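Structural description and commentary
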Amino acid sequence: MPDMSASASLAMTHLVPLAEIDQNKVTPGVLGFIVFAAMALAVWGLMKSMSRHMGKVDFTEAPDAEAASSDQGTPGPGKAQPSKG
């Protein structure tokens, strides 16, 4: 059987430079990714909810029967009319 310790030693010498951590380099890491993913999911959910709610809104204004009947006796421009309330 071939000696596996030599090949394992050689593999470790090639992997060690990849595993070195630069203490002066700051990265967001896994926690940053999780926070970003959670915020993205929240925005997606809010946009979906807003789209659903906006679909329920009727933008056409229904004519008011009372206003239509009172428009016939409306004075011309420049005349003040008391508000109902």
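Further up the page is the structure itself.
Overview of the structure. Along each chain, residues carry numbers from 1 onward, in the same order as the chain's sequence is written. The model is predicted, so local features are restricted to residues of pLDDT at least 70 and side-chain atom pairs to those at 80 or more, both for listing and for counting; the totals for chains, interfaces and linings are taken over all residues. Side-chain measures here rest on the full set of heavy atoms in the structure, leaving out hydrogens and waters.

**A few points about the overall build of the protein**
For the record, the criterion: A run of H or I in DSSP counts as a helix once it spans at least four residues, and a run of E counts as a strand once it spans at least two, with each numbered from the N terminus. When accessible area is computed with a 1.4 Å probe and restricted to protein chains, residues below 20% of their type maximum are described as buried, those above 50% as exposed, and intermediate ones as partly exposed. In short, Shrake-Rupley with a 1.4 Å probe defines the accessible areas, and a residue's cover is counted only from the protein chains shown.
The helix and strand inventory of the protein stands at three helices and zero strands. Start at the N end of the protein and walk to the C end: the helices and strands fall as α-α-α. Counting the 85 residues in the protein, one finds 0% classified as buried. Element-wise, carbon and sulfur atoms account for 66% of the exposed surface of the protein, whose accessible area totals about 8400 Å².

**Points about a nonpolar patch on the surface**
Short version of the rule: The patches reported here contain residues having more than 30% relative accessible area and no salt bridge. Joining distances are 9 Å for like charges and 5 Å for nonpolar side chains (Val, Leu, Ile, Met, Phe, Trp, Tyr). Salt bridges are defined as contacts in which a side-chain nitrogen from Lys or Arg sits within 4 Å of a carboxyl oxygen from Asp or Glu.
Residues V43, M47, M50, M54, V57 and F59 make up a contiguous nonpolar surface patch of about 620 Å² in total accessible area. Relative to the elements of secondary structure, V57 occurs in the loop between α2 (29-56) and α3 (65-70). You can call V57 partly exposed: its relative accessible area is 39%.

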